[in-house]
Amino acid sequence: MCDRCGCDADLNILVLLGPPGGGKGTQAKKIVEEFGYGHFSTGDALREEVRNETEIGKKAKAIMEAGELVPDELLGAMVKGRIEQAVGSKGIILDGYPRTVAQAEFLSTFTADFKVAAVNIAVDQDQIVARLSARRFCPNCGTIYNITFSPPKTEGICDKCGTELARRKDDYEDVIRERLRVYDEKTQPVVDYYRSSGAYFEVDGNNSPEDVFTEVSSIVSSI
Ligand code: AMP
């Protein structure tokens, strides 16, 4: 039941866990296509705040570029609002949230009446560094490339819209390593939180995106 107004509206909340570059965004996109869920990426939302130079964006910019986590309170209202909007829809994917136990506890304060399932996409750290340092994106249409595994047809140019590709400031090796350190310190406890308190599933993210999705889709079908 919806805890906003007490109506019967239901909601599946799929929490995607796993290290940065582990394929959460790729899997989220496929879940949206196959299951009609909404997708909320806190990283994407923050990057938009930075682009729009909002108060949140101004506070978040340097923190994100250094590979650290932004303070929990910058995201709380945004996440709550997005979940409230999704009530009554097929479901919503949380991609990149929660990343601290405090965020997980906050989420639990307004989602107790919904089905919350966590899927951890586990990937080896060496593979993460290789994947993220080869990641490029199109600043115009948002298409993501990997210059090793899925390069554009013309080097440095988006296949879809012809815009010059860019590299996220946090996709350089020193920042990637810091993001992985932060993940181990702050987000691994979130994995343990879900493992011990609710529906928790783990998939091997070292496999191909198609194989990972076969596992992910059978999990989503079962919740
Ligand atoms: P992502 O695109 O998910 O890798 O997120 C990019 C950056 O946004 C992270 O390195 C953090 O600086 C920030 N960020 C995204 N989600 C969160 C979160 N749940 N808590 C704190 N910081 C976050």
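In what follows, the structure referred to is the one given above.
Residues numbered from 1 in each chain as written. Predicted model: local features only at pLDDT ≥ 70, side-chain atom pairs only at ≥ 80, totals over all residues. Heavy atoms only, no water.

**Q** If you had to explain the pairing of strand 4 (residues 115-122) to someone new, which residues and values would you point to?
**A** Here 6 bridges tie strand 1 (residues 12-17) to strand 4, and the two strands are oriented parallel to one another. Among the inter-strand pairings, valine 15 is bridged to a residue of strand 4, identified as alanine 118. (Pairing = 2+ DSSP bridges. Helix = DSSP H or I, 4+ residues; strand = E, 2+ residues; numbered from the N terminus.)

**Q** Go over the packing of aromatic side chains with me, naming the residues and quoting the values.
**A** According to the stated counting rule, one finds 3 aromatic pairs in the structure shown. Their ring planes at 65° and their centres at 6.4 Å tell us that phenylalanine 35 and tyrosine 37 sit as a pair that is edge-to-face. Of the two residues examined, phenylalanine 35 and tyrosine 37, each falls in the buried class. On the numbers, 5.1 Å between centres and 85° between planes, the contact of tyrosine 193 with tyrosine 194 is edge-to-face. Owing to a relative accessible area of 7%, tyrosine 194 belongs among the buried residues under this scheme. Note that arginine 167 overlies the ring of tyrosine 172, its terminal NZ or CZ placed 3.8 Å from the centroid. (Phe/Tyr/Trp six-rings, centres within 6.5 Å; stacked < 30°, edge-to-face > 60°. Buried < 20%, exposed > 50% of the residue type's maximum accessible area, 1.4 Å probe, protein only. Lys NZ or Arg CZ within 6 Å of the ring centre and 35° of its normal.)

**Q** Describe helix 5 (residues 101-109), naming the residues involved and giving the relevant values.
**A** For helix 5, the complete set of buried residues consists of Gln103, Ala104 and Leu107. Each buried residue of helix 5 sits inside an arc of 100° when the element is viewed along its axis, so together they form one side. If you follow the buried residues of helix 5, they end up packed against strand 1, helix 4 (76-86), strand 3 (92-95) and helix 7 (173-196). (Arc of directions from axis to C-beta. Contact = heavy atoms within 4.5 Å.)

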